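For reference, the chains in residue letters:
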Amino acid sequence: MLSRLPFGTQKKIIIISFVALPLLLLLTFSYYPALELIRLSFTNWDGMSPDKDWIGFRNYEEVFSNPEIFGVFKHNVAYFVVGIVQNIVAIYFAIVLNGKLKGRYFFRLLLFLPYILNGVAVAYTFGYVFDTTNGSLNFLLGKLGLGSETSWLGTESFVNYTLASIGFWRFMGFNMVIYLAALQSIPSDLYEAASIDGANNWQKFRFITLPNIYKIIELNLFLTVTGALEVFDLPFVLTNGGPAGASETFVMKIIETAFQFNNYGLASAMSVVLLISVVLVLSIQRYFLKGRG
Amino acid sequence: MKKAVSLLLVSILMLTMLAACGKDSKDDPKPADTGKETTEKTTTPEETTAGGEELKGKVVFLTNRTDMVGKEYKEYKERFEEKYPGVTIEFEGILDYEKNSKIRIATGKFPDVMLIGPGIPNSDFPKYFAPLDDIQFTGDISFKTLKAFENKMYGVSSGSSTVGIVYNKKAFEKAGITAVPKTLDEFYAAAQKLKDAGIVPLASNFKDKWPLDAWIYDVPTMIGGVSDHQNKRADSDAPYTLDGVYGQSWSILRTLYEKGLLEKDVNSTNWENSKKDVAQGKFGMYLLGNWVINQVIENGAASEDVGFFPFPSDNSGTVKAPLNPDWFYAVNKDGNVAAAKAFVKWMIEESGFEDFAGLIPTLKDKESKLAQLAEFNGYNPQYIEAGPPNDTATAIANQAQIDQGRVVQEFVLSKDPQSILDKYNKLWANAKKNVVK
Amino acid sequence: MTKEKPLWTVTKYLSLLIAAFVILFPPYIIVTNAFKTPDEYLTKSTMSLPSNFLNFSNFSEAFTSADMGRAFGNTVVILGVSLVLNVLLGSAFCYAVSRFQFKLQGPLVGLFLFATIIPQITTQVINYKTIQSLDLTNHLMGPVLLYVGADILQIYIYLQFIRNIPYDLDEAAMMEGASLFKIFYSIILPLLGPATATIVILKTIAIYNDMYTPFLYLSDPDKVVVSTSLMRFFGVNSGDWQMVSSAILIIMIPTAIMYLLMQRYIFAGVTNGAVK
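Residues numbered from 1 in each chain as written. Chains lettered and ligands numbered in written order. Predicted model: local features only at pLDDT ≥ 70, side-chain atom pairs only at ≥ 80, totals over all residues. Heavy atoms only, no water.

Draft legend 1. Examining the overall build of chain C more closely. Secondary structure summary: chain C contains 15 helices and two strands in total. Residue burial in chain C is summarised as follows: out of 276 residues, 63% are buried. Long-range contacts, defined here as pairs at least 24 residues apart, represent 70% of the contacts in chain C between residues at least 6 apart. Element-wise, carbon and sulfur atoms account for 69% of the exposed surface of chain C, whose accessible area totals about 10,900 Å². If the 16 positive side-chain charges of chain C are averaged to one point and the 15 negative ones to another, these points end up 9 Å apart. (Helix = DSSP H or I, 4+ residues; strand = E, 2+ residues; numbered from the N terminus. Buried < 20%, exposed > 50% of the residue type's maximum accessible area, 1.4 Å probe, protein only. Contact = heavy atoms within 4.5 Å. Areas by Shrake-Rupley, 256 points an atom, 1.4 Å probe, with all protein chains shown as cover. Lys, Arg positive; Asp, Glu negative; His and termini not counted. Charge placed at Lys NZ, Arg CZ, Asp CG, Glu CD.)

This is the structure we're talking about:
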């Protein structure tokens, strides 16, 4: 029935009907709240009350006049660094498990297992792994004759790396599956043709695999950066921001401001600033990736 | 305008969605709000008389005790509905109560009975809650004035607790401690003996922050002999001083830390495991509320091995103990008010919740079933009741964004505690200028 | 095929063995807890092994006392509806965006990309209001509404696959007089199998383990889902970790099985189908 319509009309119908619903959902549950957030950032709303006052840029002045608020961003660097390594490892295992290998089904499940584990379990588990006196990690290191007194979650200089490594443990398999799927989309005749031309494995990787999954790598990096800047649940559960604030993150500060200090307006302003910061970091990243590629 | 547009968008969306998944929604025969509608009809006529047989409708209680859902609450429901056949009670449990309940309140529609903690300023109560002065309790209740505004009571405490040293008697025996310490110096000495016997003297659970509350609210109360120190901060530009109640209280914790009388690594403590350790005598003591006693017993200690004595905050030999409220029941002013009040009354008088939770009953003449409290009272502590908060002090603290748990952590860990106090006093003074004009 | 170098083979297996150890080392405690009797749990060290790995009593107790039967039922409904709609909407969207030239293509994908950056946590209050105004709080379709929306990951995966499906296939079908709609559901959608399998797995796990959304939107005990059923073991400042551990293992089983089954489709390879 539809096929009798001219191609142009069909195309229009398809585009509109296929795009409309996802777009509507996106606008309702992402952009409408974001606009509200911007509006609230100019008010002194406490988060509950039916009334609020318009206070102009006062919240923004406060965000920028308080050096403590921006100081916490340096804690996010660890998540960023570990995130990059995580992606490299994920690509490595995706390639290994995409090839011929004994027990690859088993390893594919195994490496993905941490992602299946419930978040509550992850936090609980690592509380025991990193415990200084009774922890399984220090126990293991002690048995190996290495230091067994390290305070993994209590040392200011690397507490963020400890936390970020949990993210690595949990999400590497997730990234790996995405890369595996991307590898599957590469037509296999490309590799066959390359083999006939005498290309070695590295050349195949460099000239076929990488360019073909470039978009997905870019996306994963994007998600890594966003995730690094917006991380909060791991430090929230495992260290509560400690020792003495060394692992506090920006989103933790936002939540505290909104729900503990009853200052939803200021928290909204902080969210907007976070949003802008993420966009800035991503633009810089894009600029450098473009510059090289 | 924006709202209207988005609402329109949402409605279109919804129609499409419901059409697409209509099959599945039959799982849920009643629309979510039927209960509320019947509710509104029944509120007005019986507003004044709480109790009585004519109560009707549904009451929803939003609780933080997710562990009691489907267990104790099931039994509460049966007993309550037997007494009030016209009322249906539903228990909804949520986690992260302060935050999630605020999100609920913000929408203007929230369950009939809520719990309120320190998060909502007293002056805001009339916006959300109904006054509860007309509930006829069988006796006098504690903390009538804490959640009150303009002489009306909006919250009833679900139970009270005091704070002191919860200790393992076997561990004390093993360390050769024959009598509980009555002065601060004796306390340090006892802790040292525990340490010498290979026992961690005091489980601070430093890392988790909330267990430090005792050092922020209760020890200063004991030291100063009055409970209004948090409010008094509003009158000062430098509320945190070394010789003030906070400095003195935190210095005790700092001393314990420096002498190695806390956990081996205070930045890596494990709350769940500490209960097992206290129960087994690997750890000697807690400075916490009496509610923790039942939890230690649940973790394997025999009740007779768990003791409780007042914390000696100085060397005077007279001991003091704070008396604190727990969460307060509050009633949604637009909900099923009459039946909700009956439920609050029932929770206080008949549910037995305070014994389950290990709290002191809110009814003043009701005896607590907690054996350890008798021991505690045997030391004749002078009880100091918590008073109502002062909205100005709260407003300044919120404006200054001072998280006192973190202040204590920094104070204890820092090489120069005075500099930490200076830092927060400065924040306080700046915020005070903005709040008090 | 060229023969693999032995060095590469050794590296491969060695790295996999290290990974296996690193992955299995932390959850050790969950497994041991789950099999311990209450007495063992309280008296023995947390790290010690249970005396009997056949002690399944915790599992049956966890299942009943957390009302997990009902929880699984509710979760299946939420998952089923969310996934079907999500896959249909997402793949259709990507088909429209990648197969046709029109002005707003780039900005449309950009809009989805940008949405990822918006800090989720602070939009909760507003979204709760929206869902409440639709009367969908304490209704299974409330969370569904939040889950069906396409996310950027899904869009990228679908776009990646659609790009690699030769356009000749579309053209051939058009010659035979098929409508664009028919091309989508009878040619493109089946060829997206591996992508769909990947997305279904990732989405299922995300929804299955999500605690924030059901806690906010489904507080009625009748609407308990798998992730919130865990909370029946948490009181104020206390958790029954033996039960929690057993419950966590029970919860993992269906997702692990699903992954094993779906795995075959993920790795079926897009080109093994119609192209050859």
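Draft legend 2. Region of interest: the domain arrangement of chain B. Residues and elements named next belong to chain B. Considered domain by domain, chain B is made up of domain 1 (53-158 + 326-371) and domain 2 (161-325 + 390-435). For domain 1 versus domain 2, the distance between C-alpha centres works out to 30 Å. On the domain 2 side, the residues contacting the 15 residues of domain 1 number ten residues. For the pair domain 1 and domain 2, the two sides together bury roughly 950 Å², of which 60% comes from carbon and sulfur. Interface area lost by domain 1 to domain 2 is led by F143, I360 and L370, which between them contribute 44%. At the junction of domain 1 and domain 2, the tally comes to three residue pairs in polar contact (both at pLDDT 80 or more). Looking at the side of domain 1 that touches domain 2, the element that brings in the most residues is helix α14 (residues 353-357), giving three residues. (Domains from an automatic or database assignment. Buried area = accessible area lost by both parts, 1.4 Å probe. Polar contact = N/O pair within 3.5 Å; in protein donor to acceptor, adjacent residues only side chain to side chain.)

Draft legend 3. Structural detail: the interface of chain A and chain C. Every contact between the two is made by 90 residues of chain A and, on the other side, 93 residues of chain C. Looking only at chain A, the three residues that lose the most surface to chain C are F18, F29 and Y124 of chain A, adding up to 8% of its buried area. The interface formed by chain A and chain C contains zero salt bridges. Where chain A touches chain C, the interface holds 14 residue pairs in polar contact (both at pLDDT 80 or more). Of the residues forming the side of chain A that touches chain C, the biggest block, 22 residues, is contributed by helix α1 (residues 7-40) of chain A. (Salt bridge = Lys/Arg side-chain N within 4 Å of Asp/Glu carboxyl O.)

Draft legend 4. Representation of empty space enclosed by the protein. Counting across every chain of the model gives ten cavities of 30 Å³ or more. When its volume is computed, the second largest cavity comes out at roughly 170 Å³. Lining the second largest cavity are N66, E68, I69, E248, K253 and E256 of chain A together with A400, Q401, D403, R406, Y424 and L427 of chain B. Only α3 (67-71) and α13 (250-260) of chain A together with α18 (417-435) of chain B provide two or more residues apiece to the lining of the second largest cavity. (1 Å grid on protein atoms, 1.4 Å probe; cavity = no way out; pocket = protein on both sides within 12 Å on 5 of 7 lines; lining within 4 Å. Points joined across faces, edges and corners; volume = space filled by probe spheres on them.)

Draft legend 5. A look at the packing of helix α4 (residues 77-98) of chain A against helix α1 (residues 6-24) of chain C. Where α4 of chain A contacts α1 of chain C, the axes come no closer than 11 Å and their chain directions differ by 115 degrees. With respect to the hand of their crossing, α4 of chain A and α1 of chain C are arranged in left-handed fashion. Of α1 of chain C, the residues touching α4 of chain A (which contributes Y92, F93, V96 and L97 of chain A) are W8, T11, K12, S15, L16 and A19 of chain C. (Axes fitted to C-alpha atoms, helices over the stretch in contact; angles between N-to-C directions. Left-handed = near helix turned anticlockwise from the far one by under 90°.)

Draft legend 6. Region of interest: the interface of chain B and chain A. Contacts between chain B and chain A engage 38 residues on the former and 43 residues on the latter. Buried surface at the junction of chain B and chain A, summed over both partners, amounts to about 3,600 Å²; 53% is from carbon and sulfur atoms. A salt bridge links K264 of chain B to E149 of chain A, with the nearest nitrogen and oxygen atoms 3.5 Å apart. For the pair chain B and chain A, the interface holds 15 residue pairs in polar contact (both at pLDDT 80 or more). Only α1 (2-25), α4 (97-106), α5 (125-128), α16 (391-400) and α17 (404-413) of chain B provide two or more residues apiece to the side of chain B that touches chain A. Among the elements that line the side of chain B that touches chain A, the one with the most residues is α1 of chain B, at seven residues. Looking at side-chain class alone, the side of chain B that touches chain A contains twelve nonpolar, eleven polar and 15 charged residues. (Nonpolar A, V, L, I, M, F, W, Y, C, P; charged D, E, K, R; others polar.)

Draft legend 7. Representation of the pattern of salt bridges in the model. Within the structure shown, the criterion is met by 36 salt bridges over all chains. Residue E75 of chain B pairs with R79 of chain B through a salt bridge whose shortest N-O separation is 2.7 Å. Of this pair, E75 of chain B and R79 of chain B both sit in helix α3 (residues 72-83), four residues apart, which is roughly one turn of the helix. Of the charged contacts in the structure, one is a salt bridge between D135 of chain C and K109 of chain B, with a shortest N-O distance of 3.9 Å.

Draft legend 8. Representation of the packing of aromatic side chains within the structure. This structure, assessed with the given rule, holds 74 aromatic pairs over all chains. Taken together, a centroid distance of 3.6 Å and an interplanar angle of 5 degrees make the contact between Y124 of chain A and W241 of chain C stacked. Of this pair, Y124 of chain A sits in helix α6 (residues 119-129) while W241 of chain C sits in helix α15 (residues 241-266), which puts the two residues in different chains. We note that Y124 of chain A, like W241 of chain C, is buried. When the ring of Y240 of chain B is compared with that of W250 of chain B, the centres are 5.7 Å apart and the planes differ by 25 degrees; the resulting orientation is stacked. Within this pair, whereas Y240 of chain B is found in the loop between α9 (229-232) and α10 (245-258), its partner W250 of chain B is found in helix α10, the two being separated by ten residues in sequence. An identical accessibility class is assigned to Y240 of chain B and W250 of chain B; each is buried. (Phe/Tyr/Trp six-rings, centres within 6.5 Å; stacked < 30°, edge-to-face > 60°.)

Draft legend 9. Examining the environment of F130 of chain A more closely. Position of F130 of chain A among the secondary structure elements: in the loop between α6 and α7 (136-143). As a C-alpha pair, F130 of chain A and I166 of chain A span 36 residues in sequence and 10 Å in three-dimensional space.

Draft legend 10. View of the confidence of the model for chain C. All names here are of chain C. Residues at a pLDDT of 70 or more form 94% of chain C, whose mean pLDDT is 86. At the low end of the mean pLDDT range in chain C sits strand β2 (residues 238-239), at 79; at the high end sits helix α5 (residues 68-99), at 94. Confidence drops under a pLDDT of 50 for residues 270-276, and excluding neighbours within four residues, the segment shows eleven contacts in the predicted structure. Overall fold confidence for the complex sits at a pTM of 0.85, while the interface term, ipTM, reaches 0.86. (pLDDT = per-residue confidence, 0-100.)

Draft legend 11. How the structure looks around α10 of chain B. All names here are of chain B. Between the first and last C-alpha of α10 there are 20 Å, a value that for 14 residues agrees with the 20 Å anticipated at 1.5 Å per step. For α10, the full list of buried residues reads Y246, G247, S249, W250, I252, L253, R254 and L256. Buried residues in α10 make contact with α7 (184-196), β8 (200-203), α8 (213-224), α9, α17 and α18. Just downstream of α10, G260 is the residue with a positive phi angle, here 75 degrees. (Expected span 1.5 Å × (residues − 1).)

Draft legend 12. Molecular detail of a nonpolar patch on the surface. Residue and element names in this part refer to chain A. Nonpolar side chains collect at one region of the surface, where V77, F80, V81, I84, V85, I88 and Y161 lie side by side and expose about 560 Å² of accessible area between them. By secondary structure assignment, the location of V81 is in helix α4. Here V81 falls in the partly exposed class, since its relative accessible area comes to 37%. (Patch = residues over 30% accessible without salt bridge, like charges linked within 9 Å, V, L, I, M, F, W, Y side chains within 5 Å.)

Draft legend 13. The arrangement of α13 of chain A in detail. Residues and elements named next belong to chain A. Judged by how many residues are buried, α13 sits mostly within the fold: ten of eleven residues are covered. Turning to α13, its buried residues number three or more, namely F250, V251, M252, K253, I254, I255, E256, T257, A258 and F259. At the exit of α13 stands N262, carrying a positive phi of roughly 50 degrees.

Draft legend 14. Seen up close, the confidence of the model for chain B. Confidence in the prediction for chain B averages 87 pLDDT; 88% of positions are at 70 or higher. Contacts for the low-pLDDT stretch residues 17-52 of chain B, under 50 throughout, to residues beyond four places or in other chains number 43 contacts.

Draft legend 15. Region of the structure containing the nonpolar core. With 281 residues, the main nonpolar core has M176 of chain A, F129 of chain B together with Y95 of chain C as its most contacted residues. Among the elements that take part in this core, α5 of chain C stands out by supplying 17 residues, more than any other. Those residues in contact with Y95 of chain C that lie beyond four places of it in its chain are I14 and F18 of chain A together with F100, I162, D170, L180, I183, F184 and I188 of chain C. In terms of nonpolar packing, the next biggest core, distinct from the first, is built from 52 residues, A175, L253, M285 and I402 of chain B among them. (Core = buried A, V, L, I, M, F, W, Y, C linked by side-chain atoms within 4.5 Å.)

Draft legend 16. Structural context of the side chain of E263 of chain B. Within the secondary structure, E263 of chain B sits in the loop between α10 and α11 (271-280). K207 of chain B provides the closest opposite charge to the buried, salt-bridge-free E263 of chain B, at an N-O distance of 10 Å.

Draft legend 17. Expanded view of the pairing of strand β10 (residues 306-309) of chain B. Residues and elements named next belong to chain B. Of the two faces of β10, the one carrying V306 and F308 and the one carrying G307 and F309 are both buried. Pairing of strand β7 (residues 160-168) with β10 involves four bridges; the strand directions are antiparallel. Pairing of N168 across the sheet is with V306, part of β10. (Pairing = 2+ DSSP bridges.)

Draft legend 18. Representation of unusual backbone geometry within the structure. All names here are of chain B. One non-glycine residue with positive phi stands out, namely F143, at about 55 degrees. Mapping F143 onto the fold places it in the loop between α5 and β4 (148-149). Accessibility expressed as a relative area gives 3% for F143, which makes it buried. Positioned with a positive phi, E150 is a non-glycine residue whose angle comes to about 50 degrees.

Draft legend 19. Inspection of a positive patch on the surface at higher detail. Taken together, the side chains of K215, R286 and K290 of chain A together with R163 of chain C define a basic patch exposed on the protein surface. Along the chain, the position of R163 of chain C falls in helix α9 (residues 152-163).

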